[in-house]
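The primary structure of each chain is shown beneath.
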Amino acid sequence: MLIRKAVRYRLEPLPEQEHLLSRAVGCVRFVWNRALSVQKSYLEHGCGLLSYVDMAKCLTTWRNGVSFGFLSESPVHPQQWALKFLERALKDAFDKSNPKRFPTFKKKGLHDSMRYPDPEQIKIDLRPQDADGRSVFPKIFLPRIGWVKFRKSCIIGGEIRNVTVSRSGGHWYASIQTEKEVPDPMHPAATAVGGDRGVANLLTLSDGTMFLPVTAYRDLQKRLAKEQKRLAKKVKFSTNWKQQKAKITRLHQRIAAIRKTVLHQVSTVISKNHAVVVLEDLKVRNMTASAKGTVEQPGRNIRQKSGLNKSILDQGWGMLKQMLGYKLQWAGGMLLLVDPAYTSQICPVCGVVDAENRKTQAVFHCQHCGHEAHADVNAAQNILARGLRPAKGLHPAGGLQSTAGHAGVVCSPA
Ligand SMILES: [Zn+2]
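Residues numbered from 1 in each chain as written. Predicted model: local features only at pLDDT ≥ 70, side-chain atom pairs only at ≥ 80, totals over all residues. Heavy atoms only, no water.

**A closer look at the side chain of His187**
- Residue placement: His187 occurs in the loop between strand S7 (171–181) and strand S8 (192–196).
- Residue His187 is classed as buried on the basis of its relative accessible area, which comes to 12%.
- Here the side chain of His187 touches His274 through a polar contact of 3.2 Å, landing on its backbone oxygen.
- In this structure, His187 is in contact with Ser271, Lys272, Asn273, His274, Ala275, Ala331, Gly332 and Gly333, ignoring residues within four places of it in sequence. (Helix = DSSP H or I, 4+ residues; strand = E, 2+ residues; numbered from the N terminus. Buried < 20%, exposed > 50% of the residue type's maximum accessible area, 1.4 Å probe, protein only. Polar contact = N/O pair within 3.5 Å; in protein donor to acceptor, adjacent residues only side chain to side chain. Contact = heavy atoms within 4.5 Å.)

Now the structure itself:
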């Protein structure tokens, strides 16, 4: 089995390196925007899309010309990668079965990043020493930028595939993607469990286990809302606005770090104890709407929630799903996603679906047979039952096959 992992390090570039990095991501943004406008004009004239090869030829012309000659002062591979990425984005936008959003022009300071796709060009020195033999910061070699120091927060396991350099919250980061071949694992457990995402709990399992929501960042959330209000009053893209934006980004990063730690703990425990985990296949769109609430569960504090819901609660949910997906796969288990319809209203004893069955947040009470249970545990049991229903093409041991029919799909790591 092939395991792909990414580790992200904070870079400590020298001022001149920071300048070079800024210029390099600026060039990548320029190439993306220029190529996108070329493609758009081709589309408007009914000429179809230019291929990556055609666009790469354009890039060579730009780099060798006078007007855009500045491009040649920055590394070429990230610029070519931008063209490849754009080609894929355009193809995805015209994909009839599952069309994605049409690519947009990139703005300075928002998602500044570039990828070095060729691992041959990247060198990493993990134990460098100074002239006196003392060990100093580890460093990474980036073409045209040079050796950049970084903070080694975790180990790099496997062979390097590519490196993405990005700027976020006023800092530079390098995300290193690695690949490692390992023998196919066998999961030590033989149990299957269903999980329900609740309002009161982060996750409730069908065996009764409950994971409490993260409360550690409640104060940070309040601060975030305050800072966001301040941002709204500033002129967009002004210096003040950018500073405020960076402040908010750093706050987001802190919240994200706390959330990530908790989700890692939860997903590790679950994936170690159970071979099969069944979750609801909740789409982002459904989740954004959930602040307003549903008929079965009207929302509270709608105004307060709607802004934070998407960024904090729901991202956490998607992340938990993703973590469980790859951790189970690495352990030899699998994650199943099922249709979420009515999982909180079905009675597991008599099978009747009734919105009245869940009158309160905490208790499930069947109006027909009188069965009573903890509402979230009941929903988790319904989710588990749905996941274990046999369907065509279900491969319990496979781990990666997509399954058709009502048993849902197997979630693979993105
Ligand atoms: Zn019943």
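**Notes on the confidence of the model for the protein**
- Taken over all residues, the pLDDT of the protein has a mean of 83, while the share at 70 or more is 85%.
- Within the model, pLDDT remains below 50 along residues 298–312, and this stretch shows 25 contacts once partners closer than five positions in the same chain are excluded.
- Counting interchain partners and residues more than four positions distant, the pLDDT-below-50 stretch residues 392–414 has 46 contacts. (pLDDT = per-residue confidence, 0-100.)

**Things to note about the environment of Asn33**
- Mapped onto the elements of the fold, Asn33 is located in helix H1 (residues 15–44).
- As for Asn33 and Pro103, which are separated by 70 residues in sequence, their C-alpha atoms are 9.8 Å apart.
- Setting aside residues no more than four positions away along its own chain, Asn33 makes contact with Phe105 and Lys106.
- Within the local environment of Asn33, its side chain forms a polar contact with the backbone nitrogen of Lys106, the two atoms lying 2.7 Å apart.

**Notes on the pattern of salt bridges**
- Counted by the stated rule, this structure contains eleven salt bridges.
- Through salt bridges with shared partners, a single ionic network connects Arg4, Arg161 and Glu179. (Salt bridge = Lys/Arg side-chain N within 4 Å of Asp/Glu carboxyl O.)

**With respect to the nonpolar core**
- Counting residues in each nonpolar core, the largest one holds 22 residues, and the members touching the most others are Leu11, Met114, Ile140, Leu142, Val163 and Val165.
- Counting only elements with at least two residues in this core, the list comes to strand S1 (2–12), H1, strand S2 (113–116), strand S4 (139–142), strand S5 (146–151), strand S6 (159–168) and S7.
- The element best represented in this core is H1, accounting for four residues.
- Among residues more than four places away in sequence, those in contact with Ile140 are Leu11, Ile122, Lys123, Ile124, Gly146, Trp147, Val148, Phe150, Val163 and Ile176.
- Counting 21 residues, the second largest nonpolar core, distinct from the first, contains Leu203, Val262, Met323 and Leu328. (Core = buried A, V, L, I, M, F, W, Y, C linked by side-chain atoms within 4.5 Å.)

**With respect to helix H8 (residues 375–388)**
- Helix length check: H8, at 14 residues, gives a terminal C-alpha distance of 20 Å against a target of 20 Å (1.5 Å per residue), a fit within 8%.
- Of all 14 residues in H8, eleven are buried, a share of seventy percent or more.
- Of all the positions in H8, only Ala375, Asp376, Val377, Asn378, Ala379, Ala380, Asn382, Ile383, Leu384, Arg386 and Gly387 are classed as buried. (Expected span 1.5 Å × (residues − 1).)

**Notes on the coordination of the zinc ion**
- Cys347 (SG), Cys350 (SG), Cys366 (SG) and Cys369 (SG) make up the full set of protein donors to the zinc ion, lying at 2.2 to 2.3 Å.
- Coordination at the zinc ion comes from four donor atoms whose angles at the metal span 106 to 115°, giving a geometry best classed as tetrahedral.
- Positions of the donor residues of the zinc ion, expressed as sequence spacing, correspond to C-x2-C-x15-C-x2-C.
- On the accessibility criterion, Cys366 (1% relative accessible area) is buried.
- The class of Cys369 is partly exposed, set by a relative accessible area of 38%. (Donors = N, O, S within 2.8 Å, 3.2 Å for Na, K, Ca; no water. Tetrahedral: all angles 85-135°; square planar, octahedral: opposite > 155°, others 65-115°.)

**Looking at the sheet that holds S1**
- Sheet architecture is open: seven strands sit in the order S2-S6-S7-S1-S5-S4-S3, paired in antiparallel fashion. Looking at strand neighbours, the two that pair on one side only are S2 and strand S3 (123–125), the edges of this open sheet. On average, each strand axis in the sheet is inclined to that of its neighbour by 30°, with strand direction left out of account. (Pairing = 2+ DSSP bridges. Axes fitted to C-alpha atoms, helices over the stretch in contact; angles between N-to-C directions.)

**Remarks on the packing of helix H2 (residues 52–64) against helix H3 (residues 76–93)**
- With their axes 10 Å apart at the nearest point, H2 and H3 run at an angle of 145° to one another. When you trace H2 past H3, the crossing you get is right-handed. Judged by residue contacts, Tyr52, Met55, Ala56, Leu59 and Arg63 of H2 engage Val76, Gln79, Gln80, Leu83, Lys84 and Glu87 from H3.
- When the residues that make up the contact of H2 with H3 are grouped by side-chain class, the tally is six nonpolar, two polar and three charged. (Left-handed = near helix turned anticlockwise from the far one by under 90°. Nonpolar A, V, L, I, M, F, W, Y, C, P; charged D, E, K, R; others polar.)

**Description of the packing of aromatic side chains**
- Enumeration according to the criterion identifies ten aromatic pairs in this entry.
- Aromatic pair Phe30 and Phe70: ring centres 5.3 Å apart, planes at 75°, arrangement edge-to-face. On the criterion of sequence distance, the pair formed by Phe30 in helix H1 and Phe70 in the loop between H2 and H3 is long-range, its members being 40 residues apart.
- On the basis of relative accessible area, Phe30 is assigned to the partly exposed category, the value being 25%.
- Take Phe70: its relative accessible area is 37%, and that puts it in the partly exposed class.
- When the ring of Phe237 is compared with that of Trp241, the centres are 4.8 Å apart and the planes differ by 55°; the resulting orientation is tilted. (Phe/Tyr/Trp six-rings, centres within 6.5 Å; stacked < 30°, edge-to-face > 60°.)

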